[in-house]
Amino acid sequence: MLPIYDIQNQLLVAFEGDSSRVVIEAPTGSGKSTQVPQMLLDAGLAGEGQIVVLQPRRLAARVLANRVAEEREERTGQTVGYEVRFERCVSKSTRIRYITEGVLLRAMLEDPRLSNISVILFDEFHERHLYGDLSLAMVKQLQQESRPDLKIGVMSATLQSDLLNDYLAPCVEVNSEGRMFPVEVEYLSKAPRGDVWDEAAAAWKKCAQQGLEGDVLIFMPGSYEIDRTLRAIENWQESRNWEQHALHAELPPERQDAALKSYDRQKVIVSTNVAETSLTINGIRTVIDSGLVRQARFDPNRGFDALTIDKISHASAEQRQGRAGRTAPGRCIRLWTEADHRSHPAATAPEIKRVDLAEVLLTLHGLGVEDPRAFDWVEAPLEKSLARAEQLLSDLGAITEVSSGQRVVSRLTETGKRMLRFPVHPRFSRMLIEAGERKCVQPVAIIAALCQGKPLMIRKVDKRVVERRDDVLGEETLSDFSRELRAFEYVRNKKFHAPTCRELGIHIATARQTERLAVRLIRQAESAGLSLEDTSVSEADIRKCMLVGFADQVARRKDGGTLRCELVHRRRGEIERGSLVRDATFVVAAEITEVEKTKGNLDVLLRRLTAVDPAWLTELFPGECVSQDQMFFDASTRRVLATRGTVFRELVVESSGAADPDPSEAARLLAEQVLAGKLVLKQWTDAVDQWIVRLNCLAEWYPEAELTAIDTDAKQSLVEQICFGAFSYKEIKDRQVMPVVKSWLSEPQQILLEQMVPERYRTPDGKHLKLRYQEGKPPVLAAKIQNLYDMQAHPVLVNGNISVVLEILAPNFRPIQVTQDLPGFWQDTYHKIKPELARRYPKHEWR
Ligand code: ADP
Ligand code: MG
């Protein structure tokens, strides 16, 4: 009997009653995914409703549903069904539904109360996918607000139960120890030099030669590495008696099922992370782990997520190792060194901390959440990522700000609502909707797919290939993508024939991947009701679709001869050499790379360009092209100039001549230059700086006086006051400074300042010595010993509250002692040093 049955009673009690929240932790293979839903159903705890089991992976949803249906001796789709992004197998009688996380959220968009669901089980919650987090938050809110009868369970083999217990409180935690056999872990003795698949195949061969018992499971990051591993294994003659299988999401279902079956012969399975905890494969005694995982991560170059291959965490390595010890003692070979192991992270950051939030934010808006900052997240996202996502959604026209009572909130627009129907990144849903209207869905879907991969054309190719490209594909000056599109269509017509691809210098793997993605996008467009008819596609329409999808990356070239550009939102950048788009003044970039060349200086490179006509901006974004005076400081003439023109998201689209600069804006621009140190006011002396420092010190030391310190903003406004009425450096250069700065204080306050924090200190021998003030530090007074002879008490300021730091100097002005205790100096140090000093400086007085 499976270990989960040891805790069956506890579980059923925990799920009884309203508003139950249960956290279930039990090792992989215990029976969480297959048994818990059946237990609840058979105990009648689901009432008339459905039990939904949320899976982070499509493959797991299908396999689990099939397995449970089989256990119940039924066909899938009867009592037990599944539903993933592009596939559903359910019927009216379905009571247990295995679904992926996105499916639940889309169900919530249709029916916010989820009325036909009684129990929601979040499986594999430790994976912490964005949509898993979001679904749990939404379901928790639903249970609290209007569905107290809804039951929530969160399951995993390895949970951060503290976080969850806090988040779900009050909740019941149920644990099962399960049974685990010891697994012997081996590391490589030195860092591998070859490819990871060769390393894995070699490790497998060694095991096979030694004659191991049971099956072997190899973990690889993705399908490509899996294929390479299987090919490498095939090359060893030891493989002849072995069953060899791949397991990953892109395989057809029959091949996935074949990988999971038991055979008479020994079996080696090469799998992605899906075998880490989601699926139980019986009979594994040896695990070979590449230590790598492919995961999504925000790619700032492209403005959406990219898949990267990362080192797995310690937690993940431990889970993978556990797969070898389920039924008997096992062995795990890690294809990295023990030293390298220390450089692996302890745990994987949840997706919400590392991926693009635009899509999830759009979904949240669709679910009626207007303020993502007030949302009860399992773990809150970074403010930076949230702000970036909001800006993008607003640039895509998906959300717009509206005032609601006192507050300003963001709401979905009509376009935003339509975008929700596409489960893809908002850039691409926006492009597809535009394409639907312009009757060019198919080519735009291909371009959207091209955007998501590496450039189709290999960059460094020899002259023959370049000539061949020009012959076959023709010239191109309007869009880097038009050429990619033509190249793609050409090789697709030739069925991705390898020699044809080679002849044109085309990445064949990228081409195939593009095809898969494009097909998927076209299917989505069709199911969202877009027309696929495209009899006479206009090239300009395609470019307009690019413009709306990347509307946050529109740029204007400064002039014909340069690659430098200004972008919307006041960014600047440079067009990458090698773009086919040479003559256009306005472009939209599908990739923007920021490289830090020297510290603090970003080089912003614009890639994969499409030319746009500035008139399109008014056409496509009415209301966002506004007529405005633009003022700027012209460094060569050192004057503030103004032009009248049309502005799109802070980018000047068109200027129609000079205008009169507004005086307060001119003062602001000049003040900015002054504060940045680019323009120097002659009257801004050290005395001015010291006066400000004295004021700021006094404000801190003597709060009773309620003086306002001069901070950066205040400085800016003072300098603006000085510059007011001027439009050029010439006019401000000699302006008075001190009187304006002093006017910050009233006259009595100025007198108080002179008393409390004087510029100079009078010593008993009648000298006025300068005090040095610095913010956040006590004032410093440097004085020769002879100046201090009649001074017994230590000097103080501000009614005795601030003790001065005395730098006591020898006759040659070298400091002898720095002290805040003058009496102590007289008593102690002075006597010790006096004889020596008196000998060296006999002409001075020595008391
Ligand atoms: P958990 O979710 O706790 O990891 P599961 O419910 O997936 O565990 O699996 C429980 C047990 O059911 C496994 O130990 C395995 O023996 C069996 N099992 C699950 N799925 C399959 C399958 N597709 N084929 C064969 N056996 C399976
Ligand atoms: Mg499971």
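Note that the structure is predicted; figures quoted are calculated from it, not measured. (Residues numbered from 1 in each chain as written. Chains lettered and ligands numbered in written order. Predicted model: local features only at pLDDT ≥ 70, side-chain atom pairs only at ≥ 80, totals over all residues. Heavy atoms only, no water.)

Enquirer: When you look at the sheet that holds strand E2 (residues 50-55) in this model, what are you seeing that I'm missing?
Expert: Picture the strands of a sheet paired through backbone hydrogen bonds; they go either parallel or antiparallel. The eight strands are arranged E4-E3-E5-E2-E6-E7-E1-E8 in an open sheet whose pairing can be described as mixed. Unpaired on one side and paired on the other, strand E4 (87-89) and strand E8 (172-175) mark the two borders of the sheet. Taking the axes of each pair of neighbouring strands and ignoring which way they run, one obtains an average angle of 20 degrees across the sheet. Where strand E3 (residues 80-84) meets strand E5 (residues 96-100), four bridges bridge the pair, whose relative direction is parallel. (Pairing = 2+ DSSP bridges. Helix = DSSP H or I, 4+ residues; strand = E, 2+ residues; numbered from the N terminus. Axes fitted to C-alpha atoms, helices over the stretch in contact; angles between N-to-C directions.)

Enquirer: Would you take a moment to explain unusual backbone geometry for this structure?
Expert: Most peptide bonds adopt trans geometry, and most residues besides glycine take a negative phi value. Ala169 connects to Pro170 through a cis peptide bond whose omega is 0 degrees. Among the structural elements, Pro170 can be located in the loop between helix H6 (161-168) and E8. Of note, Arg570 is a non-glycine position whose phi angle comes to about 60 degrees, a positive value. Counting through the fold element by element, Arg570 comes out in the loop between strand E20 (564-567) and strand E21 (572-575).

Enquirer: Looking at this model, I keep getting lost on a positive patch on the surface. Mind explaining?
Expert: A surface patch of like charges, here positive, comprises Arg58, Arg85, Arg512, Arg516, Arg520 and Arg523. A total of four residues in the positive patch trace back to one element, the largest contributor, which is helix H20 (residues 508-527). Topologically, Arg516 is positioned in helix H20. For Arg516, a relative accessible area of 47% gives the class partly exposed. (Patch = residues over 30% accessible without salt bridge, like charges linked within 9 Å, V, L, I, M, F, W, Y side chains within 5 Å. Areas by Shrake-Rupley, 256 points an atom, 1.4 Å probe, with all protein chains shown as cover. Salt bridge = Lys/Arg side-chain N within 4 Å of Asp/Glu carboxyl O. Lys, Arg positive; Asp, Glu negative; His and termini not counted. Charge placed at Lys NZ, Arg CZ, Asp CG, Glu CD. Buried < 20%, exposed > 50% of the residue type's maximum accessible area, 1.4 Å probe, protein only.)

Enquirer: Mind showing me how you'd approach the packing of helix H4 (residues 101-110) against helix H5 (residues 130-145) here?
Expert: Each pair of packed helices can be described by the angle between their axes along with the distance between the axes. Contact pair H4 / H5: the axes reach a minimum separation of 9 Å and the direction vectors enclose 40 degrees. Judged on the interaxial angle alone, H5 and H4 are oblique. For the pair H4 and H5, the sense of crossing is left-handed. Note on element contacts: H5 touches H4 through Tyr131, Gly132, Leu134, Ser135, Met138, Val139 and Leu142, opposite Glu101, Gly102, Leu104, Leu105 and Met108. When grouped by side-chain class, the residues that make up the contact of H4 with H5 number eight nonpolar, three polar and one charged. (Parallel < 35°, antiparallel > 145°, perpendicular 65-115°, else oblique. Left-handed = near helix turned anticlockwise from the far one by under 90°. Contact = heavy atoms within 4.5 Å. Nonpolar A, V, L, I, M, F, W, Y, C, P; charged D, E, K, R; others polar.)

Enquirer: When you look at the sheet that holds strand E28 (residues 768-772) in this model, what are you seeing that I'm missing?
Expert: Read across the open sheet, the five strands follow the order E27-E28-E29-E32-E33; overall the sheet is mixed. Either end of the sheet is taken by a strand with one partner, and the two such strands are strand E27 (760-762) and strand E33 (815-819). In this sheet, adjacent strand axes meet at a mean angle of 30 degrees when their direction is disregarded. Relative to strand E29 (residues 780-784), E28 is paired through two bridges, and the arrangement is antiparallel. Pairing of Leu771 across the sheet is with Leu781, part of E29.

Enquirer: How should I be thinking about empty space enclosed by the protein in this particular structure?
Expert: Remark: the empty space left among the atoms is shown by a probe the size of a water molecule rolled over them. Tallied over the full model, the rule gives three cavities of 30 Å³ or more. Here the largest cavity defines a volume of roughly 50 Å³. Taken together, Leu54, Pro56, Glu101, Phe122, Asp123, Glu124, Phe125, Glu127, Arg128, His129, Gly132 and Asp133 form the lining of the largest cavity. In the lining of the largest cavity, the residues fall into four nonpolar, two polar and six charged. (1 Å grid on protein atoms, 1.4 Å probe; cavity = no way out; pocket = protein on both sides within 12 Å on 5 of 7 lines; lining within 4 Å. Points joined across faces, edges and corners; volume = space filled by probe spheres on them.)

Enquirer: Just to check I follow, could you spell out the pattern of salt bridges for this structure?
Expert: When charged atoms on two side chains of opposite charge get close, those side chains can pair. Evaluated as defined, the whole model comprises 54 salt bridges. The partner of Glu127 in a salt bridge is Arg57, and the shortest N-O contact between them spans 3.0 Å. Pair noted here: Glu127 is in the loop between strand E6 (117-122) and H5 and Arg57 is in the loop between E2 and helix H3 (58-71), with a separation of 70 residues, a long-range link. For the pair formed by Glu127 and Arg57, the shared burial category is buried. Here Lys558 and Glu566 are joined by a salt bridge, their closest N and O atoms 3.8 Å apart.

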